[in-house]
Amino acid sequence: MRVCFVGDSFMAGVGDDTCLGWPGRLCAAARRIGHGVTPYCLGIRRETSADIAARWHGEAKLRLPDGLDGRLVFAFGANDCTLDEAGRLRVSCDRSLSHVEAILAQAICWRPTLMIGPLPVSDEPLIDARIRLLSESLAPLCAKLGVPYLPVFDAMVGCEAWNREAAAGDDTHPNAGGYAALAEIIGAWTAWRAWF
């Protein structure tokens, strides 16, 4: 099974001294119990839902050729909720939801697909409030499309390792412990486990 993990800096594991992030840990755990999985991490720092909508299919198609078992996991949204250099919101919640709907509608017609909710940035309460709203708004959208959705915002806001490591780093990204905690939550998710 080939799995493309598409998203932003949290998907890329920024801040993790082991360079595994959560997708690396998730797939390593699957391999340890005998599942043949090849992960492709397609995370890019600072990318919004608009950026991901423009690139995801071309990048995933190169890695998931016809005839092979390929899957898609999306996780992004925090960057949409930040401000640009001029102090303007990068992507409104409505536009974010429109991008996600377009991405997922195309994805589910092609490959089995999962969606993970956006993650907190820890250092900015107003940004986190917008991220929480986006996370909550994604649930009914994913339900309408039939895409399994896992909100992780509240769990990571309350995660000691995530918060401690982010504070010790760039105030946004955790280190290995935070990503390990996130990987454990996703690894226990019924929709992820059903793939194996």
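Scope of this entry: the structure provided in the associated data block. (Residues numbered from 1 in each chain as written. Predicted model: local features only at pLDDT ≥ 70, side-chain atom pairs only at ≥ 80, totals over all residues. Heavy atoms only, no water.)

What the protein contains, in helices and strands, is nine helices and five strands. The C-alpha atoms of the protein give a radius of gyration of 16 Å, which matches the 16 Å a tight globule of 196 residues would have. Seen through its principal axes, the protein has C-alpha atoms that stretch 45 × 35 × 25 Å. Buried residues in the protein amount to 48% of all 196 residues. In the protein, once contacts between residues fewer than 6 apart in sequence are set aside, the share between residues at least 24 apart is 75%. Roughly 8900 Å² of accessible area belongs to the protein as shown, and the carbon and sulfur atoms make up 54% of that amount. Distance from the positive charge centre (19 side chains) to the negative charge centre (23 side chains) of the protein: 8 Å. (Helix = DSSP H or I, 4+ residues; strand = E, 2+ residues; numbered from the N terminus. Rg over C-alpha atoms; globule rule 2.2 N^0.38 Å. Buried < 20%, exposed > 50% of the residue type's maximum accessible area, 1.4 Å probe, protein only. Contact = heavy atoms within 4.5 Å. Areas by Shrake-Rupley, 256 points an atom, 1.4 Å probe, with all protein chains shown as cover. Lys, Arg positive; Asp, Glu negative; His and termini not counted. Charge placed at Lys NZ, Arg CZ, Asp CG, Glu CD.)

Take the packing of aromatic side chains next. Counted according to the given criterion, the structure contains nine aromatic pairs. Consider the rings of F5 and W192, whose centres lie 6.2 Å apart with planes at 45°: the pair is tilted. Note that F5 is positioned in strand β1 (residues 2-7) and W192 in helix α9 (residues 190-193), a separation of 187 residues in sequence. Taken individually, F5 and W192 each receive the classification buried, so the pair is uniform in this respect. Between F10 and W162, the ring centres sit 5.6 Å apart and the planes meet at 35°, which makes this aromatic pair tilted. Of this pair, F10 sits in helix α1 (residues 9-12) while W162 sits in helix α7 (residues 160-168), and the two are 152 residues apart along the sequence. Across the pair, exposure class does not vary: F10 and W162 are buried alike. An aromatic cluster of at least three residues, connected via ring pairs, comprises F5, W22, W192, W195 and F196. In this structure, R71 is placed above the aromatic ring of W195, and the distance from its NZ or CZ to the ring centre is 5.3 Å. For R111, the ring lying beneath its charged end belongs to W110, and the centroid distance is 5.1 Å. (Phe/Tyr/Trp six-rings, centres within 6.5 Å; stacked < 30°, edge-to-face > 60°. Lys NZ or Arg CZ within 6 Å of the ring centre and 35° of its normal.)

Bringing the layout of surface pockets into the picture now. By volume, the largest pocket amounts to about 250 Å³. Around the largest pocket, the lining comprises 17 residues; the ones closest to its centre are R46, N79, T82, V121 and T172. The class makeup of the residues in the lining of the largest pocket is five nonpolar, five polar and seven charged. The calculated volume of the second largest pocket comes to roughly 190 Å³. (1 Å grid on protein atoms, 1.4 Å probe; cavity = no way out; pocket = protein on both sides within 12 Å on 5 of 7 lines; lining within 4 Å. Points joined across faces, edges and corners; volume = space filled by probe spheres on them. Nonpolar A, V, L, I, M, F, W, Y, C, P; charged D, E, K, R; others polar.)

This part takes up empty space enclosed by the protein. The full count for this structure, using the stated rule, is one cavity of 30 Å³ or more. Estimated volume of the largest cavity: approximately 40 Å³. Across the lining of the largest cavity, the residue classes tally to eight nonpolar, two polar and one charged.

Okay, helix α8 (residues 176-187) next. Taking 1.5 Å per residue as the helical rise, α8 with its 12 residues ought to reach 16 Å, and the 16 Å between its terminal C-alpha atoms agrees with that figure. Along α8, the residues that are buried comprise G178, Y179, L182, A183 and I186. Down the axis of α8, the sector holding all buried residues measures 135°, keeping them to one side. (Expected span 1.5 Å × (residues − 1). Arc of directions from axis to C-beta.)

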